[in-house]
Amino acid sequence: MTGLHGGDGPSAWDAETLRREEWLLPVAPARGGPVDDALVGAADARLWRGAGFVVLRGLELADLTDARCVELCARVVGRVGAPAGLRLQRSGNELLTAATAPAVPRASGPGAPVPPDGDDRVLPPHMDRGEGPRPPRLLALLCIRSAAEGGESLLASGPALHDRLAVERPEALRELYREFRFGRGRDFDRVRPVFQRDGRALRVHYNRYWIDRGQEETGVPFGPERRDALRAMEALLEDPAMVKVLPLRPGDLLLVNNGAVLHGRTPFRNGAAPPTRRCYARVWAD
């Protein structure tokens, strides 16, 4: 789907027009082995000049520990190119196993069953801010174990969001081209617009949690124009036509252009047994 944003970089798409072949690449089974050059090239094309995300489906994880799954994810990311190349940006939290406290006390002692848990909240589409002064260019999420229920990925095209706002809410779009504070930092160094031109490419930097937190640190509430612009963005991210719901299976590696596509997830519920307790590896690259 070609949008109004023009320029180079990933295209605008919506949940109905995006075709499976634009984001899915099957991997020939090779446990812990390399991904071939042709597959890496196809992934690059989709990340930087296509949909802005890609799923490598079929990585063999049998008999790999969680830590080795993280290393496999990092090795694949290290092969992915970009206009200026990419470096791994290692996180202190590379295994994502989010879980809420159970509603009832857990039984204790050896052999006690582990009750189901999970997260009953939607994680709205957002960009990863990362742990450095600039957000990572690439996010990689490797599904090691999926949840018993839910936990699907949510993906939204930054160019498509931009194009909808340009037509329906131009005044909100103008506000989103102004600078926002993204969380705490020395002298608020994490300051950037939600939409920004990088040469001929359009970038999106949106993470409502960090935007709210950054504004709170100033001690000054949002003005009415800014509140209205953020509400316009939130409304689009709640529109099913704009958000691709993508279930990932074990062995699926989701690669996301962090400046072009926002990602999130649906609520999930774990099972009591380890095979149904959600676990993802996360690696960033800049």
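Because the structure is a prediction, the values reported are computed rather than measured.

Trainee: Tell me about unusual backbone geometry, and name the residues and values.
Mentor: In this structure, Asp-63 is a non-glycine residue whose phi angle is positive, near 70°. Of note, Asp-63 is situated in the loop between β2 (53–57) and α2 (66–79).

Trainee: If you had to explain helix α5 (residues 208–218) to someone new, which residues and values would you point to?
Mentor: Burial in α5 covers these residues: Trp-210, Ile-211, Gly-214 and Gln-215. In a view along the axis of α5, the buried residues occupy a sector of 135°, so they form one face of it. Those residues of α5 that are exposed and aimed more than 90 degrees away from the buried face are Tyr-209 and Glu-216. Buried positions along α5 lie against β10 (179–181) and α6 (224–237). A positive phi of about 75° marks Gly-219, the residue just after α5.

Trainee: Tell me what's going on with the packing of aromatic side chains, and back it up with residues and numbers.
Mentor: Taken as a whole, this structure holds four aromatic pairs when the rule is applied. Between Trp-23 and Phe-53, the aromatic rings sit 6.3 Å apart at their centres with planes inclined by 25°, giving stacked as the arrangement. Remark: Phe-53 occurs in strand β2 and Trp-23 occurs in the segment before β1 (24–26); sequence separation between them is 30 residues. Phe-53 carries the same exposure label as Trp-23, and that label is buried.

Trainee: Explain the nonpolar core residue by residue, including any values.
Mentor: The biggest cluster of nonpolar side chains holds 32 residues, and the ones touching the most others in it are Leu-56, Leu-138, Leu-142, Leu-253 and Leu-255. Among the elements of the structure, α1 (37–48), β2, α2, β7 (138–145), β15 (252–257) and β18 (279–285) are those that each provide at least two residues to this core. When residues in this core are grouped by element, the largest group, seven residues, is from α2. Beyond its immediate stretch of four places on either side in the chain, Leu-56 contacts Leu-25, Val-27, Leu-39, Ala-43, Val-76, Gly-251, Asp-252, Leu-253 and Leu-255. Core analysis: the next-biggest nonpolar cluster, separate from the first, contains 29 residues, Met-127, Leu-161, Trp-210 and Ala-232 among them.

The rules behind the values
Residues numbered from 1 in each chain as written. Predicted model: local features only at pLDDT ≥ 70, side-chain atom pairs only at ≥ 80, totals over all residues. Heavy atoms only, no water. Helix = DSSP H or I, 4+ residues; strand = E, 2+ residues; numbered from the N terminus. Buried < 20%, exposed > 50% of the residue type's maximum accessible area, 1.4 Å probe, protein only. Arc of directions from axis to C-beta. Contact = heavy atoms within 4.5 Å. Phe/Tyr/Trp six-rings, centres within 6.5 Å; stacked < 30°, edge-to-face > 60°. Core = buried A, V, L, I, M, F, W, Y, C linked by side-chain atoms within 4.5 Å.

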